[in-house]
Amino acid sequence: MGSKEQARQVVTHFMDVFSGGDAAATTALMTDDATWWVAGTTQLSGLYDKEAFAKLLGSVNDVCTGPIKLMPKEWTIDGDRIAVETESLAHTKTGRTYNNHYHFLFLLRDGKVAGVREYLDTMHTESVFFAP
């Protein structure tokens, strides 16, 4: 991919576009064979291909008053593997606040996101999005 700064710019741009809430624009920054894996046993957990991930983004955006804003905090970059501690913020239409903390592992290829492994507070996710 090139320099650490280039890798950081790709992931920063991806998170900025993600934070804008446009699923099509977000997935356009991914390779055709990209995957997104969400840790845990929540209703959102599992492995998604690019198309399924776009649908997931759309469904999450449907329950929020705006997109989930991702705020990267700490970075570790090793070639095309970028680990970034991240905080999120969103508000649901039911009045709940989604403020989660993540560890993302991004895998880049040819300047695009080829894979993501998402580790997060699954109990918080369930309580905000799925609790009655």
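What counts and how
Residues numbered from 1 in each chain as written. Predicted model: local features only at pLDDT ≥ 70, side-chain atom pairs only at ≥ 80, totals over all residues. Heavy atoms only, no water. Helix = DSSP H or I, 4+ residues; strand = E, 2+ residues; numbered from the N terminus. 1 Å grid on protein atoms, 1.4 Å probe; cavity = no way out; pocket = protein on both sides within 12 Å on 5 of 7 lines; lining within 4 Å. Points joined across faces, edges and corners; volume = space filled by probe spheres on them. Nonpolar A, V, L, I, M, F, W, Y, C, P; charged D, E, K, R; others polar.

(A) Up close: unusual backbone geometry. For Asp 110, which is not glycine, the phi dihedral falls at a positive 55°. By the secondary structure assignment, Asp 110 is in the loop between β6 (101-109) and β7 (112-120).

(B) Focus on empty space enclosed by the protein. Applying the stated criterion across every chain yields a total of one cavity of 30 Å³ or more. Reported here for the largest cavity is a volume of approximately 270 Å³. Lining the largest cavity are 23 residues; nearest its centre among them are Phe 18, Leu 57, Val 60, Ile 68 and Glu 118. Residue assignment for the lining of the largest cavity shows that the elements contributing at least two residues are α2 (23-27), β1 (30-38), α3 (50-63), β6, β7 and α4 (122-129). Here the residues of the lining of the largest cavity are counted per class, giving 17 nonpolar, four polar and two charged.

Keep in mind these numbers describe shape, not what the thing actually does.
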